[in-house]
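# What the coordinates show
Here is what each chain is made of, one letter per residue.
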Amino acid sequence: MMSAAYALIDQAALQHNLVIVRRHAPDANIMAVIKANAYGHGMLRMARILAVAVDSLAVARTDEAIALREQGVTTPITVLQGFMGRDELMCYAKYQLTAVVHQHEQIRQLLAGSSPEKIAVWLKMDSGMSRLGFLPTEWNAVCTLLQNSTQVQQPFGVMTHLASADEVDCHQSRQQLQRFDTLTCQHIGAKSIANSAAILACPAAVTDWIRPGLMLYGVSPFPDKSAADLGLKPVMTLKSRLISVKTVPQGETVGYGGSWRCQQATRVGIVSIGYGDGYPRYARNGTPVLINGKVVPLIGRVSMDMLAVDLSTLPEAKIGDTATLWGEGLPVETIAQYAETIPYTVLCGITPRVEIIER
Ligand SMILES: *Cc1c(COP(=O)(O)O)cnc(C)c1O
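What this report covers is the structure whose coordinates are included nearby. (Residues numbered from 1 in each chain as written. Predicted model: local features only at pLDDT ≥ 70, side-chain atom pairs only at ≥ 80, totals over all residues. Heavy atoms only, no water.)

This part is about the site of the ligand. For the ligand, the set of nearby residues contains 14 residues, the closest of which are K35, Y39, S196, L214 and Y344. Side-chain polar atom of Y39 to an oxygen atom of the ligand: 2.5 Å apart, as the coordinates give it. If the ligand stood free it would expose 390 Å²; the protein chains cover 92% of that surface. Of the residues contributing to the shell around the ligand, the split by class is six nonpolar, four polar and four charged. (Near = heavy atom within 4 Å. Polar contact = N/O pair within 3.5 Å; in protein donor to acceptor, adjacent residues only side chain to side chain. Areas by Shrake-Rupley, 256 points an atom, 1.4 Å probe, with all protein chains shown as cover. Nonpolar A, V, L, I, M, F, W, Y, C, P; charged D, E, K, R; others polar.)

In structure tokens form, the structure reads like this:
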């Protein structure tokens, strides 16, 4: 039996988006970012599809990488937060993982190691985001430590992350790029800077390795540019169905808290999907929902398992009809806007109750 709420995964769209990635960075190696369950798309599924097409995968945490290895994924995997502690470090040799090294404790553990196998490393600079990485003032000293280490595969890579790559002609990005370049221009190992926004809008950030996440899934990282503008196609289409259609009398309210009132007798449809599936609870009245491909407005508060739509403009709608919540024909970026958030959080919010179906 198929689950009421399901996400269709369009492999052809993913392949298409990879072509767009390559078009922006024809000479770069691709590290496909599949952290957080591949932004809701299913980490293992995305890993298997991408494994043959990219140079490496990237996840945030060691346990995500180990899960992939234990499921038989043999593609190189970079762990963006690296290891925490000696025990985790041991896994990097065992499972052939690449570590991002961003703080002194990691360096100490790495250098104190006595593993016969050298660890592959990206050394990370904090060029201005103040999240992970070594400050420019400590960079040269740290670099020297790693260069002299027999525990590290040489030459190791160097990387940084931009805080505002989604802003056009951004002073902060220019400053970060300049800091990074000044300290790494002599480095002989690989360099990596760009996430999706930088790949699309900041050619100076496109170096040996790029790290696309969101754009692979066919979603725009920019508030003012749609995926279609960028030539991207949505990989996930989230669907459910109408489980009730009825006329609610004038003056009655719809949903918890009675926040939406029928100005006249209204055909109200109930769709079997809610925040328990990851549909954002804060989606406003008027958020578009497609019923049989036609737009109708969400009304009232989103419940855990259901949401309501106004079917006034769609008198032929009936129980069992298909509802599309986002994806093909309805960008997840639009839903994010109506919910006053960003598409990243909407996609990551997909819960295990949603059945994921490849096509
Ligand atoms: C998540 C992440 C990415 C991918 O970012 P997108 O905006 O999804 O392309 C790249 N690099 C690092 C360090 C990340 O944490």
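So, next bit.
We now examine the packing of aromatic side chains. Counting across every chain of the model gives five aromatic pairs. Relative to Y344, the ring of Y39 has its centre 6.1 Å away and its plane inclined at 40°; by these criteria the two rings are tilted. Placement of the pair is Y39 in helix α2 (residues 35-39) and Y344 in helix α11 (residues 343-348), with a sequence separation of 305 residues. On the basis of relative accessibility, which here comes to 30%, the residue Y344 falls in the partly exposed class. Ring centres of W122 and W209 lie 6.0 Å apart, and the angle between their planes is 80°; on these two criteria the pair is classed as edge-to-face. Here W122, found in strand β6 (residues 120-124), pairs with W209, found in strand β9 (residues 209-210); they are 87 residues apart in sequence, far enough to count as distant. Take W122: its relative accessible area is 6%, and that puts it in the buried class. Counting every residue linked through ring pairs, the aromatic cluster contains Y39, Y217 and Y344. The ring of F222 is capped by K225, whose NZ or CZ atom sits 5.4 Å from the centre of that ring. (Phe/Tyr/Trp six-rings, centres within 6.5 Å; stacked < 30°, edge-to-face > 60°. Helix = DSSP H or I, 4+ residues; strand = E, 2+ residues; numbered from the N terminus. Buried < 20%, exposed > 50% of the residue type's maximum accessible area, 1.4 Å probe, protein only. Lys NZ or Arg CZ within 6 Å of the ring centre and 35° of its normal.)

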